[in-house]
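What follows is each chain in one-letter form.
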Amino acid sequence: MRIAAIYDIHGNNDALEAVVEEIDKLGVDKVVVGGDLAWGPQPRQVMDKLYAKKEDWLFIRGNSDREIFEQYRDATSSDDMVGKLNQWCIDQLTIEQLQWLGSLPFSYTENNRLFVHGSPRSDTESIRVDTWDKDVMEMVKNTPQSIVICGHTHRQFKRKIGRTQVINAGSVGLQSRANGACWLLIDSDEYKLQVTRYDVDQAARAILASSAPYKEDFAEHIRNPPDEGP
Ligand SMILES: [Mn+2]
């Protein structure tokens, strides 16, 4: 049984394409998409691809999926970067895609594994490579599964904390410190942190040619993944 866990795509079309190509080549049995699908420079291209897979792959929601949907549903607006980007995504997506974003479940359970976006109790709570053990233990104390697969912080890692194995799949589209699109390949009981190389200059050029807000920031992030801390 092989499972691909792809998290935090964040509207990066070229990165998603590269990962999907690799997954297709490997021929996995299951794909779990770990949330934060659209929020980024190319929401429509990415969501067209993901929406077409909605019956075949498993999806959980990230905080930005929820926040885009809530801003759409409540017709609110905000002038900060997150609010402006949410609005860009709302304007780009179809109503069906927005409704689907709002309908994604919080988590997915598969045998002894729990897939969540942030932590088992919140889609905005971070489990970082240096989060104190006692804090992580508090987050997972009501989780019966002993393997927790998360994302949200855009940094890949594996940590054993108490009886819980925590694996952060990293980010497909807005990676930090990595040379490519990060994801996780689960091969029976092996957890392989993957980095798929792709042409980041081409990706950056495509973003710069669009009318996305903050496109220069996204292009720079993708060309030179920053060190965003642990
Ligand atoms: Mn997130």
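Each chain has its residues counted from 1, following the order in which its sequence is written. Only residues with pLDDT of at least 70 are given local features in this predicted model, and only at 80 or more are side-chain atom pairs given and counted; all residues enter the totals for whole chains, interfaces and linings. For the side-chain quantities, the full set of heavy atoms in the structure was used; hydrogens and water were omitted.

Naming follows an unreviewed UniProt entry, where the protein appears as Phosphoesterase of Shouchella xiaoxiensis. UniProt positions are given in the numbering used here, feature names are shortened, and annotations may be inferred rather than shown by experiment. Annotation of the protein in UniProt includes, under Sequence similarities (unreviewed entry), the sentence "Belongs to the metallophosphoesterase superfamily. YfcE family." Within the UniProt record for the protein, the comment given under Cofactor (unreviewed entry) is "a divalent metal cation".

Considerations on the sheet that holds strand β1 (residues 2–6)
Pairing between strands is defined by DSSP: at least two bridges between the two strands are required. Per the convention used, a helix needs a DSSP run of H or I reaching at least four residues, while a strand needs a run of E reaching at least two, with both numbered from the N terminus. Strand order across the open sheet formed by 5 strands is β3-β2-β1-β9-β10, with mixed pairing between neighbours. The sheet is open, and its two edges are formed by β3 (58–59) and β10 (190–196), each paired on a single side. As defined by bridge partners, strand β9 (residues 181–187) adjoins β10 across 7 bridges and the pair is classed as antiparallel. Among the inter-strand pairings, Leu185 is bridged to a residue of β10, identified as Lys192. The criterion used for residue contact is that any of the two residues' heavy atoms lie within 4.5 Å. Every angle, taken between N-to-C directions, lies between 0 and 180 degrees, and every axis is a line fitted to C-alpha atoms, over only the stretch in contact when it is a helix. The strands touched by helix α1 (residues 13–26) are β1, β2 (30–33), β9 and β10; relative to β9, the strand with the most contacts, the crossing angle is about 20 degrees.

Examining the packing of aromatic side chains
The criterion for an aromatic pair is that two Phe, Tyr or Trp rings (for Trp, the six-membered ring) have centres within 6.5 Å, with stacked assigned to planes under 30 degrees apart, edge-to-face to planes over 60 apart and tilted to the rest. According to the stated counting rule, one finds 6 aromatic pairs in the structure shown. Summarising the aromatic geometry, the rings of Phe59 and Trp100 are spaced 4.7 Å apart at their centres and angled 75 degrees between planes, so their arrangement reads as edge-to-face. With a gap of 41 residues between them, Phe59 in strand β3 and Trp100 in helix α5 (residues 95–103) connect regions that are remote in the sequence. Neither residue differs from the other here; Phe59 and Trp100 are each classed as buried. Ring geometry for Tyr108 and Phe115: centres 5.7 Å apart, planes at 40 degrees, overall tilted. Taken as a pair, Tyr108 and Phe115 share a single burial class, namely buried. Think of it in three bands: with a 1.4 Å probe and only protein chains considered, a residue is buried below 20% of the maximum accessible area for its type, exposed above 50%, and partly exposed in between.

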